[in-house]
Amino acid sequence: LNDIVQIWNPTAEQMFGWMEAEAIDKPNPIFQNDPDYHTLRQSVLAGTTYPRVELRRQKKDGTPIDIVFSAAPLQDSEGQISGMVVVIADITEQKQQAEQVRLLQSVVVNTNDAVVITEAQPIDSDGPRIIYVNEAFTRITGYTLAEVLGKTPRILQGPKTNRIELAKIRTALSQWEAVTVEVINYRKNGSEFWNEFSIVPVADKTGWYTHWIAVQRDTTGRNQAEQALRQSEERFRSLIENALDIITILDVDGTIRYESP
């Protein structure tokens, strides 16, 4: 009733750093000078049970940890409240993982590249089914999540989609390898666009591959610029090679780099 520790198990030693001898028959070291805990303790001793309270506390060495705290009144043989029992779990790692997941979700939602997540199987037949696409996918392709959910990424393929590149994808997927290709795909309205995408396998904690993640980028503008550059170079070379005048290209030191026919 006076918040004097009666049981301090080995896990408490590992979690907080105080050994059993440092805690037994002494005030609870975890919650010293904590007015919120004092209020909660008074409530428990009045008969209230707290199934889950998340708190941040410090270990003996000052390191902060996140814990989930459960407390219930402890009754004696006559049904009178004689203290309270507290169960604490360290959820620091879970909190860190949750924060990482939140940050990753923010990246996926806000990136300009399309992100597609599919099931791992089947690779053949109709292909793996889509379970998630981000907003960038909708902007690039015109398809919403509802329209592609349960379908396969093959809905983007069409007559001009390079079959050699598709075979390269199928080979990589069958061997659980990452692959990057660039092909012509088709939007919902039927228009073509160049699509560069990288596909990587994702495994669970046991090492079993469960999903594929594809990051896709619309490279139509880049391909158009490259094509225009090639055409410009071809016209320039044709002009020089067919000119009646002698055309010479030299370095700044006078070294000849090119002579026209």
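First things first, this report covers the structure right here in the doc.

Definitions and cut-offs
Residues numbered from 1 in each chain as written. Predicted model: local features only at pLDDT ≥ 70, side-chain atom pairs only at ≥ 80, totals over all residues. Heavy atoms only, no water. Helix = DSSP H or I, 4+ residues; strand = E, 2+ residues; numbered from the N terminus. Buried < 20%, exposed > 50% of the residue type's maximum accessible area, 1.4 Å probe, protein only. Polar contact = N/O pair within 3.5 Å; in protein donor to acceptor, adjacent residues only side chain to side chain. Contact = heavy atoms within 4.5 Å. Salt bridge = Lys/Arg side-chain N within 4 Å of Asp/Glu carboxyl O. 1 Å grid on protein atoms, 1.4 Å probe; cavity = no way out; pocket = protein on both sides within 12 Å on 5 of 7 lines; lining within 4 Å. Points joined across faces, edges and corners; volume = space filled by probe spheres on them. Nonpolar A, V, L, I, M, F, W, Y, C, P; charged D, E, K, R; others polar. Patch = residues over 30% accessible without salt bridge, like charges linked within 9 Å, V, L, I, M, F, W, Y side chains within 5 Å. Areas by Shrake-Rupley, 256 points an atom, 1.4 Å probe, with all protein chains shown as cover. Pairing = 2+ DSSP bridges. Axes fitted to C-alpha atoms, helices over the stretch in contact; angles between N-to-C directions.

Right, let's get into the side chain of Asn-195. With respect to the helices, strands and loops of the structure, Asn-195 is situated in strand β7 (residues 192-203). A residue is classified by how much of its surface remains accessible, and Asn-195, at 1% relative accessible area, is buried. At 3.2 Å, the side chain of Asn-195 and the side chain of Gln-216 are in polar contact. Residues within four places of Asn-195 in sequence aside, it is in contact with Leu-156, Val-181, Glu-182, Val-183, Asn-185, Gln-216, Arg-217 and Thr-219.

It is worth spelling out the pattern of salt bridges at this point. Within this structure, the stated rule accounts for 14 salt bridges. Across the pair Asp-113 and Arg-217 runs a salt bridge whose closest N-O atoms are separated by 2.7 Å. Taken together, the residues span a long stretch of sequence, with Asp-113 in the loop between α4 (92-110) and β4 (114-119) and Arg-217 in strand β8 (residues 209-218) at a distance of 104 residues. Judged by its relative accessible area of 15%, Asp-113 is buried. Residue classification places Arg-217 among the partly exposed residues on the basis of a relative accessible area of 42%. Across the pair Arg-187 and Asp-218 runs a salt bridge, and its minimum N-O distance is 3.2 Å. Taken as a pair, Arg-187 in the loop between β6 (179-186) and β7 and Asp-218 in strand β8 lie far apart in primary sequence, 31 residues in all. A relative accessible area of 21% places Arg-187 in the partly exposed class.

Volume-wise, the largest pocket comes out at about 710 Å³. Taken together, 26 residues line the largest pocket, and the ones lying closest to its centre are Val-5, Ile-7, Met-84, Val-85 and Val-86. Of all the secondary-structure elements, those providing two or more residues to the lining of the largest pocket are α1 (10-16), α3 (35-45) and β3 (81-90). Examining the composition of the lining of the largest pocket, we find that seven residues originate from one element, β3, more than from any other. Taken together, the residues of the lining of the largest pocket break down into 17 nonpolar, seven polar and two charged.

Where nonpolar side chains cluster on the molecular surface, the patch consists of Leu-74, Val-85 and Val-87 and spans about 250 Å² of accessible area. Positionally, Val-87 belongs in strand β3. In this structure Val-87 comes out as exposed when scored by relative accessible area, which is 54%.

Leave glycine aside and you will find that most residues have negative phi; peptide bonds, for their part, are mostly trans. Here the bond from Gln-121 into Pro-122 is cis, since omega is 0°, no more than 30 degrees from zero. Within the secondary structure layout, Pro-122 lies in the loop between β4 and β5 (130-133). The residue Asp-3 is not glycine, and still its phi comes out positive at about 65°. Structurally, Asp-3 is set in the segment before α1.

Attention shifts here to the environment of Leu-45. Considering the arrangement of structural elements, one finds Leu-45 in helix α3. The sequence separation of Leu-45 and Ser-260 amounts to 215 residues, and the corresponding C-alpha distance is 98 Å. The contacts of Leu-45, once residues within four sequence positions are left out, are Leu-1, Ile-81, Gly-83 and Met-84.

Turning our eyes to something else, we now look at the sheet that holds β4. Strands in a sheet are paired, the pairing made by backbone hydrogen bonds, and the direction either parallel or antiparallel. The five strands lie next to each other as β5-β4-β8-β7-β6, forming an open sheet whose pairing is antiparallel. Single-partner strands in this sheet number two, and they are β5 and β6. Neighbour-to-neighbour, the strand axes of the sheet open up by a mean angle of 25°, direction not taken into account. By the bridge criterion, three bridges tie β4 to β5 in an arrangement that is antiparallel. Its bridge partner being in β5, Ile-117 is matched across the sheet by Tyr-132.

Inspection of the secondary structure puts Arg-57 in strand β1 (residues 50-58). Given a relative accessible area of 13%, Arg-57 falls into the buried group. What Arg-57 contacts, discounting residues up to four positions off in sequence, is Ile-30, Phe-31, Asp-34, Thr-63, Pro-64, Ile-65 and Ile-67.

Quick look at the environment of Leu-156 now. Residue placement: Leu-156 occurs in the loop between α6 (145-148) and α7 (163-174). Along the chain, Leu-156 and Asn-185 lie 29 residues apart, while their C-alpha atoms are 5.3 Å from each other. The contacts of Leu-156, once residues within four sequence positions are left out, are Phe-137, Thr-141, Tyr-143, Asn-185, Tyr-186, Asn-195 and Gln-216.

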